[in-house]
Amino acid sequence: MKDILRIRIPVWCAHIFQVVVLIMCILAMDPLAPNCHGDDQNSAGDTLLDFTKFTIEELKNVEIVSVSKKPEKLSEVAAAVFVITQEDIRRSGATSIPEALRLAPGVHVARITSTDWAINIRGLNDRFANNLLVMIDGRSVYTPVFSGVFWDVQDTVMEDIERIEVIRGPGATLWGANAVNGVINIITKQAKKTQGWQVTALVGDEEGVGSVRYGGTLDEETHYRAYVKYFNRGRLAGIVEDDSVVQPTSDWQSGRGGFRIDWEPGKAPAMDLMNSLTLQGEAYKNEYNTKIDRVSLSPPFSILESDTSKAAGGYLLGRW
């Protein structure tokens, strides 16, 4: 009797395994299954294509617009271009635009403090590196007052970024004198691609990031989205107490809110071109609580002083 039981148990397991495999095969053949055509969706609801089924020619046909101010295929552009897609950003775990730029070859990204970044292309890198044009949806964030970019105020919901186009090399012919070393164009998604609710949260020991976004429609031709984002990035370097040795620390809090409205009324009868009107805006407020190590010639030679600075601003952009 024991021998019979020993034989029947693996037979039953084999039957159960066959049934499970049969069910999986049926589900794989189901036309309503989400992955039956090689498509998938990420946490943001964006449709992801199975690039393993594409040919090499199809992979080269990524469309970019920053090289000649018109849509072109990546394989046909006479420039050193690298495209950071939304899928690249999602898989990298980047929580800010400077962190996402580390994915591009030839872009020098260095973090100085919690709020200060040094980013440059093909040149000496420092906090206020000049001759690098940075744009967000075609809006220049290059500061001509001191020739550089305030990276601490350049932010948005990371899931709303469609791609980042990085052009390494001179681009002043099209974009002006600021684009001597290169051009970085951050392109966000159209409002019709960000419909519905999205809530994201990231919590850590020294960092907390959260955002809420909602997209809707006013009619068949008009789509919109609105969002708010807040983060609190803690100390980049801890305090080390050793008589006279104290490391500076910094704390960074930021909140912002914005919107985007896209209206596509149709083709213009005279030019046979698709009309598209975009209106978007944003307002932000930052606060920096920093501890600075002041050096003096008299004892104590190092004094830790607290410094608080604030920055606020916004923009309104209309484009046809």
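Residues numbered from 1 in each chain as written. Predicted model: local features only at pLDDT ≥ 70, side-chain atom pairs only at ≥ 80, totals over all residues. Heavy atoms only, no water.

Moving on to the packing of aromatic side chains. Per the counting criterion, the structure on display carries four aromatic pairs. Residues Phe 231 and Trp 252 carry aromatic rings whose centres are separated by 4.9 Å and whose planes lie at 85 degrees to one another, so their mutual orientation is edge-to-face. Remark: Trp 252 occurs in strand β15 (residues 249-268) and Phe 231 occurs in strand β14 (residues 222-233); sequence separation between them is 21 residues. In this pair, the class of Phe 231 matches that of Trp 252, namely buried. A connected cluster of aromatic rings, assembled from ring pairs, spans Trp 197, Tyr 214 and Tyr 224. We note Arg 139 situated over the ring of Tyr 315; from NZ or CZ to the ring centre the distance is 3.6 Å. (Phe/Tyr/Trp six-rings, centres within 6.5 Å; stacked < 30°, edge-to-face > 60°. Helix = DSSP H or I, 4+ residues; strand = E, 2+ residues; numbered from the N terminus. Buried < 20%, exposed > 50% of the residue type's maximum accessible area, 1.4 Å probe, protein only. Lys NZ or Arg CZ within 6 Å of the ring centre and 35° of its normal.)

Glancing now at the pattern of salt bridges. Should their charged atoms come close, side chains of opposite charge can pair. Tallied over the entire structure, the rule returns 13 salt bridges. With its nearest N and O atoms 3.9 Å apart, the salt bridge here joins Arg 260 to Asp 137. Residue Arg 260 is located in strand β15, and its partner Asp 137 is located in the loop between β8 (132-136) and β9 (139-140); the two are separated by 123 residues in the primary sequence. For the pair formed by Arg 260 and Asp 137, the shared burial category is buried. Of the charged contacts, one joins Glu 162 and Arg 163 as a salt bridge, the two residues approaching to 3.6 Å between their closest N and O atoms. The network of salt bridges with common partners includes Glu 162, Arg 163, Glu 165 and Lys 193. (Salt bridge = Lys/Arg side-chain N within 4 Å of Asp/Glu carboxyl O.)

The topology assignment puts Gln 154 in the loop between β9 and β10 (161-168). Residue Gln 154 is classed as buried on the basis of its relative accessible area of 12%. Setting aside residues no more than four positions away along its own chain, Gln 154 makes contact with Ile 97, Ile 136, Val 141 and Val 149. (Contact = heavy atoms within 4.5 Å.)

This part is about unusual backbone geometry. Notably, Asn 131 is not glycine yet its phi reads approximately 65 degrees, a positive angle. Structurally, Asn 131 is set in the loop between β7 (117-121) and β8. Here the phi dihedral of Asp 137 falls at roughly 55 degrees; this positive angle occurs in a residue that is not glycine. Relative accessible area serves as the criterion here: at 8%, Asp 137 is assigned to the buried category.

The next thing to look at is the side chain of Gln 280. You can see Gln 280 is positioned in strand β16 (residues 273-295). Judged by relative accessible area, Gln 280 falls into the buried class, the value being 5%. Here the side chain of Gln 280 touches Asp 137 through a polar contact of 3.1 Å, side chain to side chain. Those residues in contact with Gln 280, other than ones at most four positions away along the chain, are Asp 137, Phe 259, Arg 260, Tyr 315, Leu 316, Leu 317 and Arg 319. (Polar contact = N/O pair within 3.5 Å; in protein donor to acceptor, adjacent residues only side chain to side chain.)

Within the largest apolar cluster, 24 residues are counted, with the highest numbers of intra-cluster contacts made by Leu 101, Ile 164 and Ile 184. Counting residues per element, the ones that place at least two in this core are α4 (97-101), β6 (107-111), β7, β8, β10 and β11 (182-188). In contact with Ile 184, other than residues within four places in its own chain, are Leu 101, Ile 121, Leu 132, Leu 133, Val 134, Met 135, Ile 164, Glu 165 and Val 166. Membership of the second largest hydrophobic core comes to eight residues, among which are Val 83, Met 135, Ala 179 and Val 183. (Core = buried A, V, L, I, M, F, W, Y, C linked by side-chain atoms within 4.5 Å.)

A word on the pairing of strand β13 (residues 207-219). The pairing of strand β12 (residues 196-203) with β13 spans eight bridges and is antiparallel. Bridge pairing in β13 places Gln 198 opposite Arg 213. Here β12 hands over to β13 after three residues, the two strands then running antiparallel side by side. Taken together, the 12 bridges between β13 and β14 define a ladder with antiparallel strand orientation. Within the sheet, the bridge partner assigned to Val 209 lies in β14 and is Phe 231. Counting the residues in the hairpin turn of β13 and β14 gives two residues. (Pairing = 2+ DSSP bridges.)

This brings us to empty space enclosed by the protein. Overall, the coordinates contain two cavities of 30 Å³ or more when judged by the stated rule. Taken as a whole, the largest cavity encloses approximately 100 Å³ of empty space. Residue lining of the largest cavity: 14 residues in total, with Ser 96, Pro 98, Trp 117, Arg 233 and Trp 252 positioned closest to the centre. Elements supplying a minimum of two residues to the lining of the largest cavity: α4 and β14. With three residues, the top contributor of residues to the lining of the largest cavity is α4. In terms of residue class, the lining of the largest cavity is built from six nonpolar, three polar and five charged. (1 Å grid on protein atoms, 1.4 Å probe; cavity = no way out; pocket = protein on both sides within 12 Å on 5 of 7 lines; lining within 4 Å. Points joined across faces, edges and corners; volume = space filled by probe spheres on them. Nonpolar A, V, L, I, M, F, W, Y, C, P; charged D, E, K, R; others polar.)

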